[in-house]
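Close look at the chain arrangement
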Amino acid sequence: MAENQCSGCPSASSCSEQNKENCSKNAQSMLEPANKYSKIKKVIGVVSGKGGVGKSFVTASLTAAMKKAGYQVGIMDADITGPSIPKMFGVHGEAYGSEEGMILPVQTKEGIPTMSISLLMENPEDPVIWRGPVIGGAVKQFWTDVVWGELDYLFIDMPPGTGDVPLTVFQSIPVDGIIVVTSPQELVQMIVKKAFRMASVMDIPVLGVVENFSYLRCPDCGRQISLFGESHIDEAAAELSIPVLGKVPLDPQMAKAADAGEFYEKEHLHLEAAVEVLKGLL
């Protein structure tokens, strides 16, 4: 199948133009209802065109920031083969089922309901060796079978790329908007465009883009060091007419806190613009 092509479209060009409306209608028709115990106002997907740009880091940061702002939030870790959200928040143990066959999410110590494949495995360090359809089915169950309760925002940490699982999420879950995460390398424009065009085909609003690893601040003199090259995010965002919602520096202390399961306790700065955009959705 050609790149940037949705299932059911005969070619990449027809997907992006002639059949865009049909793709959107098909996605709407495949939406799965949440269970009666879940009342979620807004579903926000955090996506990236490639792996390794800190998508889970940004997802966790946004979740923590919105919780500290007084909102009820939850996290769905849809990155089935690379789950990291539970470790960042210090969540341990297994998720259990209810008498009605629902799945009860595990709460962080701050009261954030969390669901991840690692919370359903006897050994969280075992690899998930599943094919795409099975992974997609698990993600759908995280939406239909998990008792999320009443949430203002459910953040979905999406798997990287534009393959089967992101497509399943967009087609099955009523996503209200996505935030694209990228890094400063020159290929950033291509990465952002891939994610943007996929969302556009699926008729899902792109709320903006966050640049992670934007710079490293020298601990001695305070100078900003462009460790991964000069930023190109402003040009890419302007070309697509979407806002830049944050430029997050590389902070060894944040990485240390994430490894220790103490991520929530840190101050999550540099995403103030993203927080304001999210507040405006309610």
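Note that the coordinates shown come from a computational prediction; the quantities given were computed from them, not determined experimentally. (Residues numbered from 1 in each chain as written. Predicted model: local features only at pLDDT ≥ 70, side-chain atom pairs only at ≥ 80, totals over all residues. Heavy atoms only, no water.)

A few points about the sheet that holds strand S6 (residues 113–116)
Paired through their backbone hydrogen bonds, the strands of a sheet run either parallel or antiparallel. Judged by pairing direction, the sheet is mixed, and its 8 strands sit side by side in the order S5-S6-S2-S7-S1-S8-S9-S12 without closing on themselves. The open sheet has two edge strands with one neighbour each: strand S5 (106–107) and strand S12 (244–247). Two elements, strand S8 (residues 177–182) and strand S9 (residues 206–211), share 5 bridges in a ladder whose sense is parallel. Within S9, the residue paired with Ile178 across the bridge is Val206. The sheet strands contacting helix H5 (residues 132–144) are strand S1 (38–47), strand S2 (73–77), S6 and strand S7 (149–157), and the helix crosses S2 at an angle near 165°. (Pairing = 2+ DSSP bridges. Helix = DSSP H or I, 4+ residues; strand = E, 2+ residues; numbered from the N terminus. Contact = heavy atoms within 4.5 Å. Axes fitted to C-alpha atoms, helices over the stretch in contact; angles between N-to-C directions.)

Brief notes about the confidence of the model for the chain
Across the chain, the average pLDDT comes to 86, with 89% of residues at or above 70. Across residues 1–5, where pLDDT falls below 50, the model places 11 contacts with residues more than four positions away in sequence or in other chains. Throughout residues 10–14 the model reports pLDDT below 50, and contacts reaching past four residues in sequence, or to other chains, amount to 10 contacts. (pLDDT = per-residue confidence, 0-100.)

Some details on unusual backbone geometry
One non-glycine residue, Phe213, adopts positive backbone phi at about 55°. Structurally, Phe213 is set in the loop between S9 and strand S10 (216–217). Exposure remark for Phe213: the relative accessible area of 22% places this residue in the partly exposed category. In this model, His270 sits at a positive phi of 75°, which is unusual for a non-glycine residue. (Buried < 20%, exposed > 50% of the residue type's maximum accessible area, 1.4 Å probe, protein only.)

Some words on the state of the cysteines
Here is the idea: a disulfide is a covalent bond, and it sits between the sulfur atoms of two cysteines. As enumerated under the stated definition, the model contains 0 disulfides in all. Note on Cys218: no disulfide assigned, nearest cysteine sulfur contributed by Cys221 at a separation of 3.5 Å. Looking at Cys218, the relative accessible area reads 17%, which means it is buried. For Cys221, a relative accessible area of 56% gives the class exposed. (Disulfide = S-S within 2.5 Å.)

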